[in-house]
Structures are given as C-alpha cells and as structure tokens.
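# Structural overview
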Amino acid sequence: MGDSDNLSEAEIRRAVREEMSRAGRSVLSTVFWTILAAFTVLVGLQAVQMAFYTAGLAAVAFTGVGILVTGASIYLLYLLHWA
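Throughout, a residue's number is its position along its own chain's written sequence, starting from 1. Local features in a predicted model are, by the rule used here, given only for residues with pLDDT of at least 70; side-chain atom pairs are given and counted only at 80 or more, and totals for whole chains, interfaces and linings are based on all residues. For the side-chain quantities, the full set of heavy atoms in the structure was used; hydrogens and water were omitted.

### Considerations on the packing of aromatic side chains
- Within 6.5 Å between ring centres, the rings of Phe, Tyr and Trp (the latter by its six-membered ring) count as paired, and their orientation is classed by plane angle as stacked under 30 degrees, edge-to-face over 60, tilted in between. Applying the stated criterion to the full structure yields two aromatic pairs.
- Look at Phe32 and Trp33: their rings are 5.2 Å apart centre to centre, the planes differ by 75°, and that puts the pair in the edge-to-face class.
- The classification of residues rests on relative accessible area computed with a 1.4 Å probe and restricted to protein chains. Under 20% of the type maximum is buried, over 50% is exposed, and intermediate values are partly exposed. We classify Phe32 as partly exposed; its relative accessible area is 48%.

Here it is in structure tokens:
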C-alpha cells in the first residue's frame, strides 16, 4: 500500500469521480434491465394466455414462446438480484 500514500488530493478526487460515475451507470443499468425483464415476464405470460384461445400448432407455438420468454426473463432477474 505504499503507492497510495504518494497520491495527491487531485488524483484521489479524480479516482473517486471515476468510480462514482461507474457506480451510477451500474445502478442505472440494473434498473433498466430489471424493468425490461419484469415487462418481458408479462409478455411471456400473455403469450401463454393466448395459447388458451388458439388451436393447433399456434397454441403449441404460443405456449413454447411464452415459456421460453418467461423463463429467460426470470433467469435474468435472478442473475441481476440474487447471483
């Protein structure tokens, strides 16, 4: 830790400013991806709901897409907040 003892006040301020900027972008990024993932969970559930009102191959497709989108969104939320 000998190098940190030789830092000037201006260098410390610059380092803190850079880290605050990175932290702010990180928080904004987390908020953005959380809102997007929550919205896509709803889109996936809507696709599954649409499968109940269709028949045949369309119902299978809506179910598959809905499960895939919902699962991916829940996994993203897990990675953002609990991993």
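### Description of the packing of helix α1 (residues 9–51) against helix α2 (residues 57–81)
- All axes here are fitted lines through C-alpha atoms, helices being fitted over the stretch that makes contact, and every angle between N-to-C directions spans 0 to 180 degrees. For helices the rule is a DSSP run of H or I covering at least 4 residues; for strands it is a run of E covering at least 2, with both sets numbered from the N terminus onward. At a minimum axis separation of 7 Å, α1 and α2 run at an interaxial angle of 160°. Put simply, α1 runs roughly antiparallel to α2. Note on packing geometry: the crossing formed by α1 with α2 is left-handed.
- Polarity classes work like this: nonpolar for Ala, Val, Leu, Ile, Met, Phe, Trp, Tyr, Cys and Pro, charged for Asp, Glu, Lys and Arg, and polar for all others, with Gly in that last group. The class makeup of the residues in the contact of α1 with α2 is 16 nonpolar, nine polar and no charged. The scheme is simple: roughly parallel for angles under 35 degrees, roughly antiparallel for over 145, roughly perpendicular for 65 to 115, oblique for anything else. Two helices crossing with the near one rotated counterclockwise from the far one by less than a right angle form a left-handed crossing, whereas a clockwise rotation gives a right-handed crossing.

Functional significance is not addressed by these values, which are geometric in nature.
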